[in-house]
Amino acid sequence: MLRHFWSILVLATAVFAQVDQSASMSSGGVESGKMLGLGGRLTLSQRPMDDPRLWIDAHAILQPLPRLFLEGSWGRASETRRGNGPDTSFSETRWDLTAGLVLLQGSATGYVPLVWRKVTQKNSTTADAKWTEVGFGGGAIVPLQQWLALQTETLWMRPLDPHRDLALASGRESDGSHLEISFSLLAYLK
């Protein structure tokens, strides 16, 4: 079911990006130049030999120049594991900083994102784990209204060093390289 939802959303984005540029301009598409957008991001993360994980992040984008923008996002996930011993609470926090280099500008904006991420995991019964990831990929921003846009990114993320991952068994490390696909809705503040 989730796979079908993603397929439909990706196809709808591709079709919408093909809309004639003049139609976008007449409907008041987002102008290039200085802008600030705030919204939420839904990210599907797939690590090798692991179940996919879904993240919902707070997301902001600032475009000070027509060919460059900066993004920031923050997300937190937590769960409590019960049974076979004491209850354990587990949480993970992510901070992302991204520079987007705009390559294509028209009715939709195509760009290359370069990402720096700080990840912190906390566990109520063991020591914390922290690591830094970097990544790159491709993205697009498609205006839906003058004040609203859909943003989609596909990223390959790689930690700088192997690290402890509390989601694995105790004492194990992961290189953590993984693929991410994300969708954001951004409301623009001029």
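It should be noted that the structure appears before, not after, this text.
These notes cover the structure that comes with them. As the structure is a prediction and not an experimental result, all values here were calculated from the model.

For the rest of this paragraph, the subject is the overall build of the protein. A tally of regular secondary structure across the protein gives 2 helices and 10 strands. Counted from the first residue to the last, the protein has its helices and strands arranged as α-α-β-β-β-β-β-β-β-β-β-β. Sorting the 190 residues of the protein into buried and exposed places 40% on the buried side. Partitioning the intrachain contacts of the protein with sequence separation of at least 6 by distance along the chain shows that 56% fall at a separation of at least 24. Carbon and sulfur atoms form 62% of the exposed surface of the protein, whose accessible area is close to 10,900 Å².

Bringing the environment of E180 into the picture now. When you line up the elements, E180 lands in strand β10 (residues 178–189). Residue classification places E180 among the buried positions, given a relative accessible area of 3%. Counting along the chain gives 24 residues from E180 to W156, while the straight-line C-alpha distance between them is 6.4 Å. In this structure, E180 is in contact with T43, L44, S45, R94, R117, E153, T154, L155 and M157, ignoring residues within four places of it in sequence. A distance of 2.7 Å separates polar atoms of two side chains, one belonging to E180 and the other to R117.

Turning to the pairing of strand β4 (residues 88–105), a few remarks are in order. Pairing of strand β3 (residues 68–81) with β4 involves 14 bridges; the strand directions are antiparallel. Residue pairing across strands places G72 opposite L97, the latter belonging to β4. In this antiparallel pair of consecutive strands, β3 and β4, the connection spans 6 residues, and G83 shows a positive phi of 100°. Strand direction decides the pairing type here: β4 and strand β5 (residues 109–123), joined by 15 bridges, are antiparallel. Looking at β5, one finds that D96 is bridged to R117. Taking the residues between adjacent antiparallel strands as the criterion, β4 and β5 are bridged by 3 residues.

To continue, consider the pairing of strand β7 (residues 148–159). Most of β7 is tucked away, with 9 of its 12 residues classed as buried. Where strand β6 (residues 129–143) folds back on β7, the antiparallel hairpin that results is connected by 4 residues. Bridging between β7 and β10 involves 10 bridges; their strand directions are antiparallel. Across the sheet, the residue bridging to L155 is E180, located in β10.

Cut-off values and rules
- Residues numbered from 1 in each chain as written.
- Predicted model: local features only at pLDDT ≥ 70, side-chain atom pairs only at ≥ 80, totals over all residues.
- Heavy atoms only, no water.
- Helix = DSSP H or I, 4+ residues; strand = E, 2+ residues; numbered from the N terminus.
- Buried < 20%, exposed > 50% of the residue type's maximum accessible area, 1.4 Å probe, protein only.
- Contact = heavy atoms within 4.5 Å.
- Areas by Shrake-Rupley, 256 points an atom, 1.4 Å probe, with all protein chains shown as cover.
- Polar contact = N/O pair within 3.5 Å; in protein donor to acceptor, adjacent residues only side chain to side chain.
- Pairing = 2+ DSSP bridges.

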